[in-house]
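Working through the structure, step by step
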Amino acid sequence: MDANEVNKVAGAILGMLTLAMGIGFFSGALVSPKPLVKAGYELPDNTGAATATAAAPAAAAEPIAKRLASADVAKGEVAAKKCVSCHQFVKDGKNGTGPALYGIVNRAKGAAAGFKYSAGLPAKGGNWDYAALDEFIANPKAYIAGTTMGFAGVARPDERANIIGYLRSLADTPAPLPQ
Ligand code: HEC
């Protein structure tokens, strides 16, 4: 290869490089990538859908009076196993982490002798009627701010009705069912 040929080859390579750069430059001008305004990418926003599904069962929940009429006391007794780590259900039961619950339906709030309640519970006033029990068991902390009942609640309306039906049975004379 003489010097002339070397020059030709070098020239050809240089020409190709220049062409490649030129193509890159012009195509860059044609399809300029948009700079990212925000880092990362948008996650799908599910909050609307989630509230819709969460709200649906609540809206469908029938009043406790209606649910109690078809409550299953035996199932309620099984479901109430969630409570026994803290509550006794037997007659003359002792207070534990929570107050004894025999005869709780229509009992005054915060009335178990010798139990140290949170300030908020007796302050709520009135008796544990079916509606109050339903609301409390659904979400204790929402019903009584600062309650010491460390229990998340029973979300299912039919399960709450079963439990309340069982609580009602724990009395010498069970309270009348709501009309
Ligand atoms: C982790 C322990 C714990 C569990 C589990 C628990 N409770 Fe309680 N419960 C308490 C405590 C503590 C209190 C007293 C709350 C206060 O003073 O604010 C209480 C209070 C109550 C009261 C009010 C009693 C009164 O004398 O005014 C009712 C009714 C009740 N619980 C029902 C239930 C039911 C039904 C369940 C099960 C579905 C349950 N609890 C599960 C600890 C518990």
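Look up a bit, the structure's there.
Structure report, in brief. Within any chain, residue numbers begin from 1 and follow the written order of that chain's sequence. Local features in this predicted model are restricted to residues whose pLDDT is 70 or higher, and side-chain atom pairs enter the listing and the counts only when it is 80 or higher, whereas totals over whole chains, interfaces and linings include all residues. Hydrogens and water molecules were not included; the side-chain quantities draw on all heavy atoms of the structure.

Next up on the list: the coordination of the iron atom of the ligand. Here a donor is an N, O or S atom found within 2.8 Å of the metal, or within 3.2 Å if the metal is Na, K or Ca; sites may look incomplete because water is not among the atoms. Bound to the iron atom of the ligand are the protein donor atoms His 87 (NE2) and Met 149 (SD), situated 2.0 to 2.1 Å from the metal. Considering all six donor atoms around the iron atom of the ligand, the spread of angles at the metal, 85 to 178 degrees, places the coordination shape in the octahedral class. Residue His 87 is found in the loop between α4 (73–79) and α5 (120–123), and its partner Met 149 is found in the loop between α7 (140–143) and α8 (157–169); the two are separated by 62 residues along the sequence. Labels for metal geometry use angle windows, namely 85 to 135 degrees for all angles of a four-donor tetrahedral site, and for square planar (four donors) or octahedral (six donors) sites opposite donors over 155 degrees apart plus all others within 65 to 115; sites meeting none of these are irregular. A helix here means a DSSP run of H or I that spans at least four residues, while a strand means a run of E at least two residues long, and both kinds are numbered starting from the N terminus.

Moving on, we get to the site of the ligand. For this description, a residue counts as near a given molecule or strand if any of its non-hydrogen atoms is within 4 Å of it. Taken together, 25 residues are adjacent to the ligand, and Cys 83, Cys 86, His 87, Tyr 117 and Met 149 come closest. Counting of polar contacts relies on pairs of N or O atoms within 3.5 Å, with two restrictions inside protein: one atom must be capable of donating a hydrogen and the other of accepting it, and residues adjacent in sequence are counted only when both atoms are side-chain atoms. In this structure, an oxygen atom belonging to the ligand sits 2.5 Å away from a side-chain N or O atom of Ser 118. At 2.6 Å, a side-chain N or O of Trp 128 approaches an oxygen atom of the ligand. We call Asp, Glu, Lys and Arg charged. Ala, Val, Leu, Ile, Met, Phe, Trp, Tyr, Cys and Pro are nonpolar, and the rest, Gly among them, are polar. Of the residues that constitute the shell around the ligand, the class distribution is 14 nonpolar, eight polar and three charged.

What follows is about unusual backbone geometry. Non-glycine residue Asp 92 carries a positive phi angle of around 55 degrees. Within the element layout of this structure, Asp 92 appears in the loop between α4 and α5. By relative accessible area, Asp 92 is classed as exposed at 72%. Positive phi values are uncommon outside glycine, yet Asn 106 reaches one of about 70 degrees. Accessible area is worked out with a 1.4 Å probe on protein chains only. A residue is then buried under 20% of its type maximum, exposed over 50%, and partly exposed in between. Since its relative accessible area comes to 39%, Asn 106 is described here as partly exposed.

Moving on, we come to the environment of Ile 104. Within the secondary structure, Ile 104 sits in the loop between α4 and α5. Residue classification places Ile 104 among the buried positions, given a relative accessible area of 5%. Considering only alpha carbons, one finds Ile 104 and Asp 129, 25 residues apart in sequence, at a separation of 8.8 Å. The contact rule is simple, with two residues in contact once any of their heavy atoms fall within 4.5 Å. Here Ile 104 is in contact with Trp 128, Leu 133 and Leu 167, once residues within four sequence places are set aside.

Expected helix span is given by 1.5 Å per residue-to-residue step, counting one fewer step than there are residues. End to end, α8 covers 19 Å across 13 residues, agreeing with the expected 18 Å (1.5 Å per residue, within 8%). Within α8, ten of the 13 residues are buried, leaving the element largely enclosed by the surrounding structure. For α8, the set of buried residues is Pro 157, Glu 159, Arg 160, Ala 161, Asn 162, Ile 163, Ile 164, Gly 165, Tyr 166 and Leu 167. Buried residues along α8 sit in contact with α3 (64–69), α4 and α6 (130–138).

Before going further, it helps to examine the environment of Pro 122. Take Pro 122: it is sitting in helix α5. Other than its neighbours up to four places away in sequence, Pro 122 contacts Lys 109 and Tyr 117.

Bringing the packing of aromatic side chains into the picture now. Stacked, tilted and edge-to-face are the three classes assigned to paired rings of Phe, Tyr and Trp, where Trp is represented by its six-membered ring and a pair needs centres within 6.5 Å; plane angles under 30 degrees give stacked, over 60 edge-to-face, the rest tilted. What the rule picks out here adds up to five aromatic pairs. The ring of Tyr 143 has Lys 124 lying over it, and the distance from NZ or CZ to the ring centre is 4.4 Å. Comment: the charge-over-ring label is applied if NZ (Lys) or CZ (Arg) is within 6 Å of the ring centre and within 35 degrees of the ring normal.

Looking now at the pattern of salt bridges. The term salt bridge refers to a pairing of a side-chain nitrogen on Lys or Arg with a carboxyl oxygen on Asp or Glu at a separation within 4 Å. Across all of its chains, the model carries six salt bridges by this definition. The salt bridge involving Lys 82 is made with Glu 159; its shortest N-O contact spans 2.3 Å. With a gap of 77 residues between them, Lys 82 in the loop between α4 and α5 and Glu 159 in helix α8 connect regions that are remote in the sequence. A relative accessible area of 42% places Lys 82 in the partly exposed class. Across the pair Arg 160 and Asp 134 runs a salt bridge whose closest N-O atoms are separated by 2.8 Å.

Along the chain, the position of Arg 67 falls in helix α3. On the basis of relative accessibility, which here comes to 10%, the residue Arg 67 falls in the buried class. Contact partners of Arg 67, with chain neighbours within four places excluded, come to Glu 62, Asp 134, Pro 157, Asp 158, Arg 160 and Ala 161.

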